[in-house]
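Coordinate inspection notes
Single-letter residue listing:
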Amino acid sequence: QDYFHQVLCITEREEFFVPIQATAARPVLDFPEQLDFSDCPVNHSTQKILFIHNSGNLEARYHISTQRPFAVFPAMGTLGIGETMELTVEFHPLKIGFYSSSLTPLCFTPGKDIHTSLLGRAVDVNVALDKNSVKFEKTYITLSNHRTVVIHNRTNITAHFRWKSFATEEEEIQQKLRLCHRLSRPAEDKLEDFLKGRYRRLSALSRACENEMAKVEADPMMFPNDVFIIEPLEGEVGPNCSTEINVFFNPQEAQVYEKVAYCDIAGREYRLPLRLTAEGLGPCLRLSFEELDIGKVFAGAVNTYEAILANKGAIDAPFKLISPITTQGSCFTFVPQQGIIAPNGFQSIQISFCSTIMGDFCE
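From a predicted model like this one, the values you see are computed outputs, not experimental measurements.

1. Remarks on the packing of aromatic side chains
Under the counting rule described, the total for this entry stands at 12 aromatic pairs. Between phenylalanine 332 and phenylalanine 353, the aromatic rings sit 4.6 Å apart at their centres with planes inclined by 35°, giving tilted as the arrangement. In this pair, phenylalanine 332 is assigned in strand S24 (residues 332-335) and phenylalanine 353 in strand S26 (residues 346-353), connecting sequence segments 21 residues apart. You can call phenylalanine 332 buried: its relative accessible area is 16%. One aromatic cluster is present, built from ring pairs that chain together Phe37, Phe70, Phe91 and Tyr99.

2. A short note on the sheet that holds strand S11 (residues 127-129)
Spatially, S11-S14-S18-S16 is the arrangement adopted by the 4 strands of the open sheet, whose pairing is antiparallel. Here the strands that pair on one side only, and so sit at the sheet edges, are S11 and strand S16 (228-231). Each neighbouring strand pair of the sheet contributes to a mean axis angle of 20°, computed without reference to strand direction. Bridge count between strand S14 (residues 145-153) and strand S18 (residues 241-249): 9 bridges; the pairing is antiparallel. Among the inter-strand pairings, asparagine 153 is bridged to a residue of S18, identified as cysteine 241.

3. What to know about the nonpolar core
The nonpolar side chains of a soluble globular protein tend to be buried with one another. Ranked by size, the top nonpolar core spans 28 residues in total, and within it Ile151, Phe161, Trp163, Phe228 and Ile265 carry the most contacts. Setting aside residues up to four positions removed in sequence, tryptophan 163 forms contacts with Leu129, Ile151, Met222, Phe223, Ile230, Pro232, Leu233, Ile245, Ala261, Tyr262, Cys263 and Leu274. Leu29, Ile52, Met85 and Leu87 belong to the second-largest nonpolar core, a separate cluster that totals 20 residues.

4. Observations concerning the side chain of asparagine 54
Checked against the element boundaries, asparagine 54 lands in the loop between strand S4 (46-53) and strand S5 (60-65). From its side chain, asparagine 54 meets the backbone oxygen of leucine 79 in a polar contact 3.1 Å long.

5. What to know about the pattern of salt bridges
The full count for this structure, using the stated rule, is 7 salt bridges. Measuring nitrogen to oxygen at the nearest pair gives 3.8 Å for the salt bridge that ties lysine 138 to glutamate 279. One end of the pair, lysine 138, is in the loop between strand S12 (133-135) and strand S13 (139-140); the other, glutamate 279, is in strand S20 (residues 272-281), and 141 residues separate them in sequence. On the accessibility criterion, lysine 138 (55% relative accessible area) is exposed. Two residues, glutamate 172 and lysine 164, come together in a salt bridge whose shortest N-O distance is 3.3 Å. Of the two residues examined, glutamate 172 and lysine 164, each falls in the buried class. Within the structure, one salt-bridge network assembled from shared partners comprises Lys164, Glu172, Asp264 and Arg271.

6. Let's talk about unusual backbone geometry
Going from arginine 68 to proline 69, the amide bond is cis rather than trans, its omega being 5°. Residue placement: proline 69 occurs in the loop between S5 and strand S6 (70-73). Omega for the bond connecting glutamate 231 with proline 232 falls within 30 degrees of zero, at -5°, which places this linkage in the cis form. Within the fold, proline 232 resides in the loop between S16 and strand S17 (234-237). The backbone phi angle of threonine 142 is positive, close to 80°, even though this residue is not glycine. Its place among the elements puts threonine 142 in the loop between S13 and S14. Of note, asparagine 344 is a non-glycine position whose phi angle comes to about 65°, a positive value.

7. Observations concerning the pairing of S14
Relative to S14, S11 runs antiparallel, the two being bridged by 3 bridges. Bridge pairing links leucine 129 to isoleucine 151 in S14.

8. Looking at the sheet that holds S24
Strand order in the open sheet formed by 4 strands is S21-S22-S26-S24, and the pairing between neighbours is antiparallel. At either margin of the open sheet sits one strand with a lone partner, and together these are strand S21 (285-287) and S24. With direction set aside, neighbouring strand axes in the sheet form an average angle of 25°. Inspection of the sheet shows S21 paired to strand S22 (residues 303-311) by 3 bridges, in the antiparallel sense. Looking at the pairing, leucine 287 lines up with leucine 309 of S22.

Analysis parameters
- Residues numbered from 1 in each chain as written.
- Predicted model: local features only at pLDDT ≥ 70, side-chain atom pairs only at ≥ 80, totals over all residues.
- Heavy atoms only, no water.
- Phe/Tyr/Trp six-rings, centres within 6.5 Å; stacked < 30°, edge-to-face > 60°.
- Helix = DSSP H or I, 4+ residues; strand = E, 2+ residues; numbered from the N terminus.
- Buried < 20%, exposed > 50% of the residue type's maximum accessible area, 1.4 Å probe, protein only.
- Pairing = 2+ DSSP bridges.
- Axes fitted to C-alpha atoms, helices over the stretch in contact; angles between N-to-C directions.
- Core = buried A, V, L, I, M, F, W, Y, C linked by side-chain atoms within 4.5 Å.
- Contact = heavy atoms within 4.5 Å.
- Polar contact = N/O pair within 3.5 Å; in protein donor to acceptor, adjacent residues only side chain to side chain.
- Salt bridge = Lys/Arg side-chain N within 4 Å of Asp/Glu carboxyl O.

Here's what the structure looks like:
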């Protein structure tokens, strides 16, 4: 703090003031007037180093502030008389556009405002997938199929990537809010428990709910690895390099699967979509005939027939008889009633029919 005082001098002829000033010791930090990042990749951290010198005659205790997408490290500390330090300024924009802010050292030079103008422009760069869709061949359940996707990085930065479930961060936040809402119990139910004196149970439920909500909030929402598996889910692509991504299809049911995975990668504002399409196939069993014409038979007589069950697929085929519940249906017996047929294998099914009911029938 500077000091100022006046001394009043009185003589026989006049009065006058003598000013007395004292300038306190203070730190003097040398900051540039402007720091321009120019064009930088969006969704990527670009850093610049500032060398700060304390040319004053007092130790500097500083606290530096700025606004996103700019940041400074370390933001606070101490710099001795005549010492020099490195200050890292980061520019990490998430959207394309021009950005400006200021770097303001606080609380170390009373009466003197110092700030550095920060400028930067975020742009999309040449980082891309070699394809935006993958279609797998039809695959039997319990088996797996495999395709590859290549990430090309034709820039001078190291591009960090993560495969995500949602197209935008806003959609991730909405999903987390929905999950948290499901976890939270209705307020009236909690009040009812409270009024009934269930304090311990309510406290335990509350803690469990808070723990589950914390897990939801910390979830990075990576692409789920169940039917479609992406490896690796997260990694880096070096400057002017390419990286192969393995995509596996493991069908769990005989159905058509469609899914979109989103690659959140440095250098691109929007996540890169990859559409995945595939079909799962179940066991492929065929009977040697689809219709058995028994014709006219005597009531009470036992009639036997044979059907061949063949596995035309590439996986084991389990089978089991669905027992008929109709009157004539119960007159049939099948041996065996269940089993497993290997690929390209056969199973003889013995059919017996014996009925005391007269008349035509169709089963």
